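# Chains, contacts and geometry: an overview
Residues per chain, in single letters:
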Amino acid sequence: MRDPAEASDLLDWYDRHARDLPWRIRPQARAAGVTADPYRIWLSEIMLQQTTVAAVREYFRVFTERWPTVEDLAAAEDADVMAAWAGLGYYARARNLLKCARVVVADHGGQFPADHAELLKLPGVGPYTAAAVSAIAFDDAQVVVDGNVERVMARLHDEHTPLPEAKPILTAYAAALTPAQRPGDYAQAVMDLGATICTPKRPACGLCPWRTSCVAWAEGTAAELPKKTPKKKKPIRRGTAYLARRVDGAWLLETRPDKGLLGGMLGWPGTDWLDVTLDAPVEDPPIRAEWKTVGGEARHTFTHFHLILTVKTALVPMERNASRGEFIELSDFSPSDLPTVMRKAFDLAQGG
Ligand code: SF4
């Protein structure tokens, strides 16, 4: 450890300023012997890989009200969980979430294993999540490194090696600071520091418990750290989504194949999504109809590409059969159950 006082300075700060998070046991409660529920910690960590704390709160509330224990989640219908996950993105994670819950129930008697190596064997649990669950739920001194922690470590040590090359260096810095006492609170404290004080653009160094030992603060380099290797430009793909509505109001939807992008999710039938440098995708309407092109485009960014979707709509009679997908009654369908890109197409078709 660089200086044992550093961890305790941060823990003192955390005792006073810990954020209130629905899955968190506050430091005072923890000191009084209240322990975290590993299910809630695991669920929050999987969700937080997708988006911000602010966005996760509502998803977390819905999930934990509907499936309060890992047994409840393991027994859930796949489609219900996928629908509840809609909007969070990275749907493979939702499928792994279910798989993991079922493995915990089937192989571990409904208890998340406390052992870090066992946690790592669970579906969808990578090194970061295993370390976070070990530290936060079981107070095991694992080194937890997310984007917040990387930023804080880069600044604390004035490390100018760009990410991702800097990852092992920053992890080593984080390891040297992780204390044997209260490692769970410490892990959350560094994350809170990164989220509330040592923020990406304008760190509030005046309020920081680590200011006196922070090299970037002394050097005036905080705002430019961590350095990042410039990202390659994402390619652009295009395609067409077909939104067919039957005269009784039912919508033509299809479940996407399990493998691949948005696997297992409900969506609009459509063409392939091809790079804009290639020929336009071949039209592939799922039903014979008079298709109308909606003005504008639905745009969405995935991890590896931007997508521009042309949206076509049609009204079809009751007796007409579709070559793909099935008509879903209005009472059984809510646009909010769709993945974000599909909902954008729906919104465009609705006129905004
Ligand atoms: S002093 Fe500033 S740059 Fe250094 S760790 Fe604190 S907030 Fe971050």
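Conventions and cut-offs
- Residues numbered from 1 in each chain as written.
- Predicted model: local features only at pLDDT ≥ 70, side-chain atom pairs only at ≥ 80, totals over all residues.
- Heavy atoms only, no water.
- Core = buried A, V, L, I, M, F, W, Y, C linked by side-chain atoms within 4.5 Å.
- Buried < 20%, exposed > 50% of the residue type's maximum accessible area, 1.4 Å probe, protein only.
- Pairing = 2+ DSSP bridges.
- Helix = DSSP H or I, 4+ residues; strand = E, 2+ residues; numbered from the N terminus.
- Expected span 1.5 Å × (residues − 1).
- Salt bridge = Lys/Arg side-chain N within 4 Å of Asp/Glu carboxyl O.
- pLDDT = per-residue confidence, 0-100.
- Contact = heavy atoms within 4.5 Å.

## Concerning the nonpolar core
Ranked by internal contacts, the top residues of the largest apolar core, which has 98 residues, are W42, F63, M153, W210 and W268. Core analysis: the second largest hydrophobic core is formed by nine residues, Y242, A244, I287 and V316 among them.

## Some remarks on the pairing of strand β7 (residues 306-316)
Inspection of the sheet shows strand β1 (residues 236-246) paired to β7 by eleven bridges, in the parallel sense. Note that in β7 the partner of A241 across the bridge is V311. Where strand β5 (residues 292-293) lies against β7, two bridges are found, and the strand directions are antiparallel. From the neighbouring strand, K292 faces β7, where its bridge partner is T313. Bridge count between strand β6 (residues 298-301) and β7: four bridges; the pairing is antiparallel.

## Some thoughts on helix α4 (residues 53-66)
The periodicity of an α-helix, 3.6 residues per turn, causes residues three or four places apart in sequence to face the same way. Here α4 contains 14 residues, and its C-alpha end-to-end distance of 20 Å stays within 8% of the 20 Å for a straight helix at 1.5 Å per residue. Restricting attention to buried positions, one finds in α4 the residues V56, Y59, F60, F63 and T64.

## Focus: the pattern of salt bridges
Here the structure, examined in full by the defined rule, presents 20 salt bridges. Ionic pairing is found between R30 and D139, a salt bridge with its closest N-O pair at 3.5 Å. With a gap of 109 residues between them, R30 in helix α2 (residues 27-31) and D139 in the loop between α9 (127-138) and α10 (147-156) connect regions that are remote in the sequence. For R30, a relative accessible area of 15% corresponds to the buried category. The class of D139 is partly exposed, set by a relative accessible area of 37%. Residues joined by salt bridges that share partners form a network here, namely D15, R30, D139, R182 and D185.

## Observations regarding the confidence of the model for the protein
On average, residues of the protein carry a pLDDT of 93, and 98% of them reach 70 or more. Of all the helices and strands in the protein, helix α1 (residues 4-17) carries the lowest mean pLDDT, 89, while helix α5 (residues 70-74) carries the highest, 98.

## Brief notes about the pairing of β6
Covered by surrounding structure in β6 are A298 and H300 only, the residues R299 and T301 on the alternate face being uncovered. The antiparallel pairing of β6 with β7 creates a hairpin that spans four residues between the two strands.

## Here we look at α9
With twelve residues, α9 extends 16 Å between its outermost C-alpha atoms, agreeing within 8% with the 16 Å of an ideal straight helix rising 1.5 Å per residue. Turning to α9, its buried residues are T129, A130, A131, A132, V133, S134, A135, I136 and A137. Structurally, α9 contributes buried residues whose contacts are with α2, α3 (38-48), α8 (116-120) and α12 (183-196). D139 sits one or two residues past α9 and shows a positive phi near 50°.

## Concerning the side chain of T129
Of note, T129 is situated in helix α9. The class of T129 is buried, set by a relative accessible area of 2%. Residue contacts for T129: discarding those within four places in its chain leaves W42, E45, I46 and Q49.

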